[in-house]
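In case you want the letters, here they are:
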Amino acid sequence: MKPIVIIPTYNEIETLPSTLDRVKSVLPEIDILVVDDGSPDGTGDYADTRAAADATIHVLHRPGKGGLAAAYLAGFAWALESDYTHVVQMDADGSHRAGDLKNMLERADGADEPDLVIGSRWVPGGGVVNWPRSRQYLSRLGNLYNRAALGLPYADITAGFRVYRADTLRALDLNDVEIVGYYWQTDMTQRLHDHGAHIVEEPITFHEREAGESKLSSTIFFESLKESTKRGFRHHTSLAKSITKR
Ligand SMILES: Nc1nc2c(ncn2[C@@H]2O[C@H](COP(=O)(O)OP(=O)(O)OP(=O)(O)O)[C@@H](O)[C@H]2O)c(=O)[nH]1
Ligand SMILES: [Mg+2]
């Protein structure tokens, strides 16, 4: 197994140092790619300093804030050109923990060869720490809504902590992935599900961001909700059509 951890950053100077330290202390050999969108607070420069001192740390600089999905897709393209076997999505802000990452990688390396391991807050053994009740409700509701609207049988469809099998990503056409708001996590889950992928959930403990500012705005949230609804209608209409044809 040769995984790479992709960490997108926008103004995470307060949290990226400890995130890199923790991943490196638990998984010293692992490769990391920081994808920075020209953070005005110098996060990209900091990542460059770390990369200069450690050959396993890489940095991809993008010119300006282009959104989380676009940053990940650029990171995927970079990683898939090399011989990595697994590609990890991980936030910089301390919400995703290195100990959980280790478990997720072990799960990804299991004999049943999952195509996607979702780091799940909402399966037994998973949970959240210090997350405001309002965010917990939003996450649970968002997942319920997505499950009902799209028929996806997973507990944490919108999770951002994930391990993908690289060959599975290579086999998918990611050119038209929906990059609206945070809907793209759901879109990726659905793409893999429709592709017949083996998707499993590994419990994680998600922590409230440790410092810095959230990039999740209400606009992003409502854009994602709108997209789920649109896709949900499409899903149910095609389901109804296939039933009436029978
Ligand atoms: N490169 C890049 N990274 C981004 C962008 N937007 C968010 N990120 C990063 O994506 C990760 C998730 O963003 P967050 O702001 O933590 O979003 P969230 O986890 O939903 O919200 P909070 O944790 O509550 O703040 C963090 O590492 C951010 O720095 C972007 O436009 N470009
Ligand atoms: Mg966060």
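All residue numbers refer to positions counted from 1 along the written sequence of the respective chain. The naming scheme follows written order: chains are lettered A onward, ligands numbered 1 onward. Only residues with pLDDT of at least 70 get local features here, since the model is predicted, and only at 80 or more are side-chain atom pairs given and counted; chain-wide, interface and lining totals rely on the full set of residues. Side-chain metrics in this entry use all non-hydrogen atoms of the structure; hydrogen atoms and water are not considered.

(A) Fine view of unusual backbone geometry. Phi is positive for Asn 11, which is not a glycine, with a value near 55 degrees. The residue Glu 113 is not glycine, and still its phi comes out positive at about 45 degrees. A run of DSSP states H or I qualifies as a helix once it reaches four residues; a run of E qualifies as a strand once it reaches two. Both are numbered from the N-terminal end. With respect to the helices, strands and loops of the structure, Glu 113 is situated in the loop between α4 (98-108) and β5 (116-120).

(B) Molecular detail of the environment of Val 180. Its place among the elements puts Val 180 in the loop between α6 (166-171) and α7 (183-194). Classification of residues uses two cut-offs on accessible area relative to the type maximum, computed with a 1.4 Å probe and protein chains only: under 20% is buried, over 50% is exposed, and between them is partly exposed. Among the residues examined, Val 180 registers a relative accessible area of 25% and is labelled partly exposed. Counting along the chain gives 45 residues from Val 180 to Arg 135, while the straight-line C-alpha distance between them is 20 Å.

(C) Highlighting the site of ligand 1. Taken together, 20 residues lie near ligand 1, and Glu 12, Asp 93, Arg 135, Arg 209 and Lys 215 sit nearest. A distance of 3.1 Å separates an oxygen atom of ligand 1 from a polar atom in the backbone of Tyr 10. Asp 93 has a polar side-chain atom sitting 2.7 Å from an oxygen atom of ligand 1. Here the Shrake-Rupley method, with its probe set to 1.4 Å, supplies the accessible areas, and only the displayed protein chains count as covering residues. Out of a free accessible area of 630 Å², ligand 1 has 96% covered by protein chains. Within the residue set of the shell around ligand 1, elements represented by two or more residues are β1 (3-9) and α3 (68-80). Definition of nearness: a residue and a molecule or strand are near each other if at least one heavy atom of the residue lies within 4 Å of the molecule or strand. Pairing of N or O atoms within 3.5 Å defines a polar contact, subject to two protein rules: one partner must be a possible hydrogen donor and the other a possible acceptor, and residues neighboring in sequence count only if both atoms are side-chain atoms.

(D) The nonpolar core, seen in detail. As used here, the term nonpolar core means buried Ala, Val, Leu, Ile, Met, Phe, Trp, Tyr and Cys residues forming a set that is joined through side-chain atoms within 4.5 Å. Of all hydrophobic cores here, the largest spans 34 residues; its most connected members are Phe 76, Val 87, Leu 169, Leu 174, Trp 184, Met 188 and Leu 192. Those elements that place two or more of their residues in this core are β1, β2 (31-36), α3, β5, α5 (133-150), α6 and α7. At seven residues, α3 tops the list of elements feeding residues into this core. Residues Leu 27, Ala 98, Val 123 and Phe 161 belong to the second largest nonpolar core, which totals 29 residues.

(E) Quick look at the sheet that holds β1. For two strands to pair, DSSP has to find at least two bridges joining them. With respect to topology, seven strands assemble into an open sheet ordered β3-β2-β1-β4-β7-β5-β8, the strand pairing being mixed. In the strand order of this sheet, the two ends are held by β3 (57-61) and β8 (199-203), each with one partner. Across the sheet, the axes of successive neighbouring strands diverge by a mean angle of 20 degrees, strand direction being ignored. Of the strand pairs in this sheet, β1 and β2 are connected by six bridges, and their pairing is parallel. Following the sheet pairing, Ile 7 is matched in β2 by Val 34. Any two residues having at least one pair of non-hydrogen atoms within 4.5 Å are treated as being in contact. Geometry is summarised by axes, namely lines fitted to C-alpha atoms with helices restricted to the contacting stretch, and by angles between N-to-C directions that run from 0 to 180 degrees. The strands touched by helix α2 (residues 43-53) within the sheet are β1, β2 and β3, with β3 carrying the most contacts at an inclination of about 150 degrees.

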